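An overview of the molecular structure
Take a look at the letters that make up each chain.
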Amino acid sequence: MTLILYGHPLSSFTHKVLVAMYELATPFEFRRLDPSQAADRELIAGLTPMGKFPALRDEAAGVTVAETSVIVGYLDARAGGGRLMPRDPAALREAQVWDRVFDMHVQGPMQSIVDARLFMDPSAEPGVTAYARGQLDRVYAALERRLGDGRNWIAGDFGLADCAGLPALFYAGILHPFAAHPRLSAYFDRLVARPSAARVLAEARPSFDLFPFRDMIPARFR
Ligand SMILES: N[C@@H](CCC(=O)N[C@@H](CS)C(=O)NCC(=O)O)C(=O)O
């Protein structure tokens, strides 16, 4: 096996890459990291600039790739190109914009809510969470507008941005539901019905107990 993905089954950014790998039917070996272990923290710190996961190692090529958007681009090129990353430059730019929206403006506030629960003084949690909820309302409205033209996927054919959308909306929707946004809800339903995404969420299920807001996970995913 020449491709190794270092990640964690609960990690949203690992999910983003897994969706891409299943879409491309890329064979790989999964190495589960345990961030509570110093040896694993050291390992991932040697693979990515910030010591964040996932990381992809291509043994045959002698290449290590960090940052999920870059990893998806690497996998797409390795599979011949043009499947998850549009070949047309304008279409590619659009996909990259919406990939950033999901990573920064959905995952960012979602992660703040989780971090406030896990790592902050309890007195700080309400303020952090209220601000993050406001940010999520803003991005949900933007996504609802984006989906207003009847598009199925967020930028052209299913691709990079939709790989980012699945885990971002999965976790954000648990913490701050978007049911009041019909087009966004329908888009999320299309995402989770995609075999690649359904497989990722099914494989994550045994790890949901580790999620601090596990009781809020909708029954259909448990
Ligand atoms: N921009 C990075 C974000 C990766 C990221 O934040 N990963 C999380 C797991 S979902 C992580 O490593 N968290 C542990 C930490 O921040 O130390 C990417 O796209 O790969």
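Turning next to the overall build of the protein. On a plain count of helices and strands, the protein comes out with eight helices and four strands. N-terminal to C-terminal, the α/β element order of the protein is β-α-β-α-β-β-α-α-α-α-α-α. The C-alpha atoms of the protein give 17 Å as radius of gyration, which agrees with the globular expectation for 222 residues (17 Å, within 12%). When its C-alpha atoms are laid out on the principal axes, the protein stretches across 45 × 45 × 30 Å. By the burial criterion, 48% of the 222 residues in the protein qualify as buried. When contacts within the protein are restricted to residue pairs at least 6 apart in sequence, long-range pairs at least 24 apart make up 68% of them. Surface accessibility of the protein: about 10600 Å² in total, with carbon and sulfur atoms responsible for 55%. Taking the average location of the 25 positive side-chain charges in the protein and that of its 25 negative ones, the two points are 3 Å from each other.

Okay, the site of the ligand next. Near the ligand the following residues occur: Ser 11, Ser 12, Phe 13, Lys 52, Phe 53, Glu 67 and Thr 68. Between the ligand and Lys 52, the relevant distance is 2.8 Å, taken from an oxygen atom to a side-chain nitrogen or oxygen of the residue. Taking Glu 67, its side chain carries an N or O atom lying 2.7 Å from a nitrogen atom of the ligand. Protein coverage of the free-state accessible area of the ligand, which is 510 Å², stands at 71%. Class assignment of the residues belonging to the shell around the ligand gives a composition of two nonpolar, three polar and two charged.

Another aspect to go through is the pairing of strand β4 (residues 63–66). When a strand is regular, its side chains alternate between the sheet's two faces. Of the strand pairs in this sheet, strand β3 (residues 55–58) and β4 are connected by four bridges, and their pairing is antiparallel. Residue pairing in the sheet places Asp 58 in a bridge with Val 63 of β4. Linking β3 to β4, which pair antiparallel, is a turn of four residues; within it Gly 62 sits at a positive phi near 70°.

Here we take up the packing of aromatic side chains. Counted according to the given criterion, the structure contains 12 aromatic pairs. Among the aromatic side chains, those forming a connected cluster through ring pairs are Tyr 140, Phe 170, Tyr 171, Phe 178, Phe 188, Phe 208, Phe 211, Phe 213 and Phe 221. In this structure, Arg 194 is placed above the aromatic ring of Phe 158, and the distance from its NZ or CZ to the ring centre is 4.0 Å. The ring of Tyr 22 has Arg 199 sitting right over it, with the charged end atom 3.7 Å from the ring centre.

With that out of the way, let us pick up the pattern of salt bridges. All chains considered together, the criterion is met by 14 salt bridges. With its nearest N and O atoms 2.8 Å apart, the salt bridge here joins Lys 16 to Asp 103. A residue pair is termed long-range when its members are at least 10 positions apart, and Lys 16 in helix α1 (residues 12–24) and Asp 103 in helix α4 (residues 89–119) qualify at 87 residues. No difference in accessibility class separates Lys 16 from Asp 103, as the two residues are buried. Arg 31 is the partner of Glu 29 in a salt bridge, and the nearest nitrogen-oxygen pair spans 2.6 Å. Among the ionic contacts, a cluster of salt bridges with common partners joins Lys 16, Asp 99, Arg 100 and Asp 103.

With that out of the way, let us pick up the sheet that holds β3. Pairing within the open sheet is mixed, and its four strands lie in the order β2-β1-β3-β4. Edge strands, defined here as strands with exactly one partner in the open sheet, are β2 (29–32) and β4. Neighbour to neighbour, the strand axes of the sheet diverge by 20° on average, direction disregarded. Against the sheet, α1 makes contact with β1 (3–7), β2 and β3, and its axis sits at roughly 155° relative to β1, the strand it touches most.

What follows concerns the side chain of Ser 69. Checked against the element boundaries, Ser 69 lands in helix α3 (residues 68–78). At 3.1 Å, the side chain of Ser 69 forms a polar contact with the side chain of Arg 100. With residues up to four places along the chain from it excluded, the contact list for Ser 69 reads Lys 16, Asp 99, Arg 100, Asp 103 and Leu 160.

Judged by side-chain polarity, Leu 118, Phe 119 and Met 120 come together as a nonpolar surface patch covering roughly 330 Å² of accessible area. Here Met 120 is to be found in the loop between α4 and α5 (125–146).

The rules behind each value
Residues numbered from 1 in each chain as written. Predicted model: local features only at pLDDT ≥ 70, side-chain atom pairs only at ≥ 80, totals over all residues. Heavy atoms only, no water. Helix = DSSP H or I, 4+ residues; strand = E, 2+ residues; numbered from the N terminus. Rg over C-alpha atoms; globule rule 2.2 N^0.38 Å. Buried < 20%, exposed > 50% of the residue type's maximum accessible area, 1.4 Å probe, protein only. Contact = heavy atoms within 4.5 Å. Areas by Shrake-Rupley, 256 points an atom, 1.4 Å probe, with all protein chains shown as cover. Lys, Arg positive; Asp, Glu negative; His and termini not counted. Charge placed at Lys NZ, Arg CZ, Asp CG, Glu CD. Near = heavy atom within 4 Å. Polar contact = N/O pair within 3.5 Å; in protein donor to acceptor, adjacent residues only side chain to side chain. Nonpolar A, V, L, I, M, F, W, Y, C, P; charged D, E, K, R; others polar. Pairing = 2+ DSSP bridges. Phe/Tyr/Trp six-rings, centres within 6.5 Å; stacked < 30°, edge-to-face > 60°. Lys NZ or Arg CZ within 6 Å of the ring centre and 35° of its normal. Salt bridge = Lys/Arg side-chain N within 4 Å of Asp/Glu carboxyl O. Axes fitted to C-alpha atoms, helices over the stretch in contact; angles between N-to-C directions. Patch = residues over 30% accessible without salt bridge, like charges linked within 9 Å, V, L, I, M, F, W, Y side chains within 5 Å.

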